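Working through the structure, step by step
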Amino acid sequence: MDPDFWLDRWEKNQIGFHAPRVQPALAKHWPRLDLKPGGTILVPLAGKSLDMWWLAEQGFRVIGVELSPVAIDAFFNERGIVADVRKFGAFTVHSAGAIELWCGDFFALEAQVLPPIGALYDRAALVAMPPEMQPAYAGKLAELMPINTTALLIGLDYNREEMSGPPFAIPQAEVRALFGLHFTVDMLDVRDGLTSSEHLRQRGITRLEEATYLLRRRA
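Residues numbered from 1 in each chain as written. Predicted model: local features only at pLDDT ≥ 70, side-chain atom pairs only at ≥ 80, totals over all residues. Heavy atoms only, no water.

**Here we look at the pattern of salt bridges**
Under the defined criterion, the tally for this structure stands at ten salt bridges. The closest approach of N and O atoms between lysine 48 and glutamate 78, which form a salt bridge, is 2.6 Å. One end of the pair, lysine 48, is in the loop between strand E1 (40-44) and helix H3 (51-57); the other, glutamate 78, is in the loop between helix H4 (69-77) and strand E3 (84-88), and 30 residues separate them in sequence. Judged by its relative accessible area of 10%, lysine 48 falls in the buried class. (Salt bridge = Lys/Arg side-chain N within 4 Å of Asp/Glu carboxyl O. Helix = DSSP H or I, 4+ residues; strand = E, 2+ residues; numbered from the N terminus. Buried < 20%, exposed > 50% of the residue type's maximum accessible area, 1.4 Å probe, protein only.)

**Section: the sheet that holds strand E6 (residues 119-122)**
In space, the nine strands of this open sheet follow the order E3-E4-E5-E2-E1-E6-E7-E9-E8, with mixed pairing throughout. Of all strands in the sheet, those bounded by a partner on one side alone are E3 and strand E8 (183-192). For this sheet, the mean angle separating the axes of adjacent strands, direction not counted, is 20°. The sheet contact formed by E6 and strand E7 (residues 150-157) spans four bridges and is parallel. If you follow leucine 120 over to E7, its bridge partner there is alanine 151. Across the sheet, H4 is in contact with strand E2 (61-66), strand E4 (91-96) and strand E5 (99-103); its angle to E5 comes to roughly 160°. (Pairing = 2+ DSSP bridges. Axes fitted to C-alpha atoms, helices over the stretch in contact; angles between N-to-C directions. Contact = heavy atoms within 4.5 Å.)

**Observations regarding the packing of aromatic side chains**
With the rule as written, the count across this model stands at nine aromatic pairs. Judged by centre distance (5.8 Å) and plane angle (75°), the ring pair of phenylalanine 179 and phenylalanine 183 falls under edge-to-face. For phenylalanine 179, a relative accessible area of 1% corresponds to the buried category. Exposure remark for phenylalanine 183: the relative accessible area of 2% places this residue in the buried category. (Phe/Tyr/Trp six-rings, centres within 6.5 Å; stacked < 30°, edge-to-face > 60°.)

**Structural notes on helix H1 (residues 3-11)**
Along H1, the positions that sit buried rather than exposed are Trp6, Arg9 and Trp10. Seen along its axis, H1 keeps its buried residues to an arc of 95°; they face one direction. Of the exposed residues in H1, the ones pointing more than 90 degrees away from its buried face are Asp4 and Glu11. Against E2 and H4 lie the buried residues of H1. With its phi angle positive at about 60°, asparagine 13 sits one or two positions after the end of H1. (Arc of directions from axis to C-beta.)

Pasting the structure below:
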C-alpha cells in the first residue's frame, strides 16, 4: 500500500470508495459481537466513515486510525465540530466526544498505547491492502486485539481479470487462510455488492460479492 497514493486521493477528493451511508451489515450484525456500551472500538483506515458516528451513537468509544489529515478534517468539519488536537507519539490525535481519530500509519500503532480494545471494525482496510501486505495486516490485528475480542470484517470478491485493486478482491478461502492462525473465522452473510457500488461498475466489474465475517482472537 503506497501511502502517497491514498494521500493523493484524499487531496484530490477522488474518494469513490467513501460510502455516503452507514454499512447495512454493521447494524445487522453488530449485536453478534456482544459488546456492552462503553467499550472501545478500533477502526483501521477509518477515512471519514459514517459508521464511526453510528457506533458512537450506540454508546461506544471509537478510535479510528487514518493516514490522511484531509479525511480527518472532513470527518469533523462536515458536522461543524471542532476537535481537540494533541500529539501522541507518532500520531496526531483529533478527538470530540466519544470519537478519536489518530492520524498516522496504522502499522506504527502499538497495543500498549491504546486503551483496552473491546472490538474491531474493518469495513475498508483489508480490501485496501495489496496481497503482499495482507499477511502483515492480519498479524497487526492479532497484535492489537486481546484474546477473545471480536472483529466485524467486510471482504470483497470479484473477477480479478476485470479490475485490479484497490479495492482488492479477497475470496473467502483467502480470508480464512489469512486470519485462521490467530482467529476463528465465521461467515455471517454474503450479498451482491454491485447495486451500491456505481464507481466499481464504471471500472468494469460485473460481479461483486460482499461478505461479512466475524473474527474472534484466540490464544
